[in-house]
Amino acid sequence: MVDHVQAQPTLSWRTAVVFLVGALALAFVAAAVAGAFGHINPLYSASGLAVGVLVGLTGVGGGSLMTPLLILLFGFHPGTAVGTDLLYASATKSVGTAVHGANKTIDWRITGLMAAGSIPATLATVLLLYVLHSTAKLISTVLGFMLVITAITLLFRKPIFDFAQRRAGVLSPRVTAVATVLLGAVLGVLITLSSVGAGAIGVTVLIFLYPRMQVSRIVGSDIAHAVPLTLIAGAGHWLLGSVNLPLLISLLVGSIPGIIIGSQLTPRIPERYLRVILAGTLVLVGAKLAF
């Protein structure tokens, strides 16, 4: 009798490359731990814990919650809040990429098409920030509008998904590919300016473009694309002097256990009510930042 052993998930070389890119950001952060450890702020860590719990409960990206919190509550410069969050996102999303890659839930063609648009757009946006020098108002305005759009996608997630399913096959493969590159370019600009949109907006548009694809593959492809995007954008902000490493360490100390706690609480708390409350909060905060 031959025993059938279930094959274990393995990482493809593409997943390994993206994971290593994210690991660069994590190593960059770890290199600053020794110097920053004595400067950990318990209040920032507590905020990271609260945001981490909400992310674990609702799946909403940390940028939608943490970036406005740093600006409005703690008074950080918008550029510092965005730059710090981008490096944090790159490190954490690399872990998600490894998980999705092992589970074969990444479409590397979609990831590559998005990167073809987002990486040049990100570099151009970083250059624009360098030329403009004073960017607080621009970043606050873009961040405000992105929070409102994220709130809309939260509130109308199911109708949007249903509509996408009904229009399956409308676009030709060529048009879909071009639209995917353009989506990457738009996300490159918006995420570099606000650190918001890679999850809620990116996944929503991809569902419109690929309505027959499993949502898990769309999410995995979007997460894999976000790793190099947020790393390049975060590195650009760091070169511009708008990354606060002690703040980043303080947030990680709280947010990592917070995400674990929130993920464990998800089956026990009705997420749809939290989503409505969260969407309403994002609209109010977004309006304040934009106007």
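Refer to the structure presented above.
Reference entry: report on the structure contained in this document.

Thresholds applied
All residue numbers refer to positions counted from 1 along the written sequence of the respective chain. Under the rules for a predicted model, residues below a pLDDT of 70 receive no local features and side-chain atom pairs below 80 are neither given nor counted, while totals for whole chains, interfaces and linings still include all residues. Side-chain metrics in this entry use all non-hydrogen atoms of the structure; hydrogen atoms and water are not considered. For this analysis, a nonpolar core means a set of buried residues of the types Ala, Val, Leu, Ile, Met, Phe, Trp, Tyr and Cys, connected via side-chain atoms within 4.5 Å. Relative accessible area decides the class of each residue, using a 1.4 Å probe on protein chains only: under 20% of the type maximum gives buried, over 50% gives exposed, and in between gives partly exposed. Only DSSP runs of H or I reaching four residues or more are called helices, and only runs of E reaching two or more are called strands; each is numbered from the N terminus. Whether two residues are in contact is decided by their heavy atoms: any pair within 4.5 Å suffices. We define a polar contact as two N or O atoms separated by no more than 3.5 Å, with the added condition that, inside protein, one atom must be a possible hydrogen donor and the other a possible acceptor, whereas residues neighbouring each other in sequence contribute only through side-chain atom pairs. In this analysis an axis means a line fitted to C-alpha atoms, helices contributing only their contacting stretch, and an angle means the value between N-to-C directions, from 0 to 180 degrees. Roughly parallel refers to an angle under 35 degrees, roughly antiparallel to one over 145, roughly perpendicular to one between 65 and 115, and oblique to any angle outside these ranges. Following the grouping adopted for this structure description, the nonpolar residues are Ala, Val, Leu, Ile, Met, Phe, Trp, Tyr, Cys and Pro, the charged ones are Asp, Glu, Lys and Arg, and the polar ones are all others, Gly among them. Every case where a carboxyl oxygen of Asp or Glu lies within 4 Å of a side-chain nitrogen of Lys or Arg is listed as a salt bridge. A helix is expected to span 1.5 Å multiplied by its residue count minus one. In this scheme, a crossing is called left-handed if the near helix is turned counterclockwise away from the far one by less than a right angle; it is called right-handed if the turn is clockwise. A residue counts toward a patch only above 30% relative accessible area and without a salt bridge, and it is joined to like-charged neighbours within 9 Å or, for Val, Leu, Ile, Met, Phe, Trp and Tyr, to nonpolar neighbours within 5 Å. Per-residue and other accessible areas follow the Shrake-Rupley method at a 1.4 Å probe size, with only the shown protein chains counted as cover for residues. Ring pairs are drawn from Phe, Tyr and Trp, using the six-membered ring of Trp, whenever the two centres fall within 6.5 Å, and their geometry is named by plane angle: stacked under 30 degrees, edge-to-face over 60, tilted for the rest.

**A closer look at the nonpolar core**
Right, so step 1: Grouped together as the largest cluster of nonpolar side chains are 25 residues, with contacts concentrated most on Leu-65, Leu-70, Leu-143, Leu-147, Leu-247, Leu-251 and Leu-282.
Right, so step 2: For this core, the secondary-structure elements that each account for two or more residues are helix 3 (42–58), helix 4 (62–72), helix 7 (136–155), helix 12 (245–265) and helix 13 (271–290).
Right, so step 3: Discounting residues that sit within four places of it in the chain, Leu-70 has contacts with Gly-75, Phe-76, Ala-81, Leu-247 and Leu-251.
Right, so step 4: Leu-183, Leu-206, Ile-207 and Ala-233 belong to the second-largest nonpolar core, a separate cluster that totals 21 residues.

**Topic: the side chain of Ser-221**
Right, so step 1: The topology assignment puts Ser-221 in helix 11 (residues 215–239).
Right, so step 2: At a separation of 2.7 Å, a polar atom in the side chain of Ser-221 contacts the main-chain carbonyl oxygen of Arg-217.
Right, so step 3: Other than its neighbours up to four places away in sequence, Ser-221 contacts Thr-105, Ile-106, Asp-107, Ile-110 and Thr-111.

**Comments concerning the environment of Leu-147**
Right, so step 1: Within the secondary structure, Leu-147 is located in helix 7.
Right, so step 2: Note on Leu-147: relative accessible area 0%, which makes it buried.
Right, so step 3: It is 9.4 Å that separates the C-alpha atoms of Leu-147 and Gly-63, two residues lying 84 residues apart in sequence.

**Considerations on the packing of helix 8 (residues 157–166) against helix 10 (residues 200–209)**
Right, so step 1: Running from N to C, helix 8 and helix 10 point in directions that differ by 25 degrees, and their axes come no closer than 8 Å. With respect to helix 10, the axis of helix 8 lies roughly parallel. Judged by residue contacts, Ile-160, Phe-161, Phe-163 and Ala-164 of helix 8 engage Thr-204, Ile-207 and Phe-208 from helix 10.
Right, so step 2: For the contact of helix 8 with helix 10, the per-class residue count stands at six nonpolar, one polar and no charged.

**Some thoughts on the pattern of salt bridges**
Right, so step 1: Scanning the entire structure with this criterion turns up one salt bridge.
Right, so step 2: Between Arg-217 and Asp-107 there is a salt bridge whose closest N-O contact spans 3.8 Å. Taken together, the positions of Arg-217 in helix 11 and Asp-107 in the loop between helix 5 (78–102) and helix 6 (108–132) put the pair 110 residues apart, joining distant regions of the chain.

**Some thoughts on helix 9 (residues 173–194)**
Right, so step 1: The terminal C-alpha atoms of helix 9, which comprises 22 residues, lie 31 Å apart, in line with the 32 Å expected from a rise of 1.5 Å per residue.
Right, so step 2: Considered for burial, the residues of helix 9 that qualify are Thr-176, Ala-177, Thr-180, Leu-183, Gly-184, Leu-187, Gly-188, Ile-191, Thr-192, Leu-193 and Ser-194.
Right, so step 3: For helix 9, the elements touching its buried residues are helix 4, helix 5, helix 6, helix 7, helix 10 and helix 11.
Right, so step 4: At the exit of helix 9 stands Ser-195, carrying a positive phi of roughly 65 degrees.

**Comments concerning the packing of helix 10 against helix 11**
Right, so step 1: Where helix 10 meets helix 11, the closest approach of the two axes is 10 Å, and the angle between their N-to-C directions is 130 degrees. As far as their axial angle goes, helix 11 and helix 10 are oblique. When the axes of helix 10 and helix 11 are compared, the crossing they make is right-handed. Taking contact as the criterion, the partners of Gly-202, Val-203, Leu-206 and Ile-207 in helix 10 are, on helix 11, Ile-218, Val-219 and Asp-222.
Right, so step 2: Across the contact of helix 10 with helix 11, the residue classes break down as five nonpolar, one polar and one charged.

**Considerations on the environment of Gly-199**
Right, so step 1: Among the secondary structure elements, Gly-199 is positioned in the loop between helix 9 and helix 10.
Right, so step 2: Taking the C-alpha atoms as reference, Gly-199 lies 9.0 Å from Thr-150; in sequence the two are 49 residues apart.
Right, so step 3: With residues up to four places along the chain from it excluded, the contact list for Gly-199 reads Thr-204 and Asp-222.

**Some details on the side chain of Thr-204**
Right, so step 1: Among the secondary structure elements, Thr-204 is positioned in helix 10.
Right, so step 2: Apart from the residues lying within four places of it in its own chain, the contact partners of Thr-204 are Thr-153, Ile-160 and Gly-199.

**Focus: a nonpolar patch on the surface**
Right, so step 1: A cluster of nonpolar residues, Leu-127, Tyr-130, Val-131 and Leu-240, forms a patch on the protein surface that exposes about 410 Å² of accessible area.
Right, so step 2: Within the secondary structure layout, Val-131 lies in helix 6.
Right, so step 3: The class for Val-131 is exposed, based on a relative accessible area of 53%.

**A word on helix 4**
Right, so step 1: For helix 4, a buried count of nine out of eleven residues is recorded, marking the element as mostly surrounded by other parts of the structure.
Right, so step 2: The set of residues buried in helix 4 consists of Gly-62, Gly-63, Ser-64, Leu-65, Met-66, Thr-67, Pro-68, Leu-70 and Ile-71.

**Here we look at the packing of aromatic side chains**
Right, so step 1: Scanning the entire structure with this criterion turns up two aromatic pairs.
Right, so step 2: A centroid spacing of 5.0 Å and a plane angle of 75 degrees characterise the contact between Tyr-44 and Phe-74, whose relative ring orientation is edge-to-face. With Tyr-44 in helix 3 and Phe-74 in the loop between helix 4 and helix 5, this residue pair connects regions lying 30 residues apart in the sequence.
Right, so step 3: Classification of Tyr-44 as buried rests on a relative accessible area of 17%.
Right, so step 4: Among the aromatic side chains, those forming a connected cluster through ring pairs are Tyr-44, Phe-74 and Phe-76.

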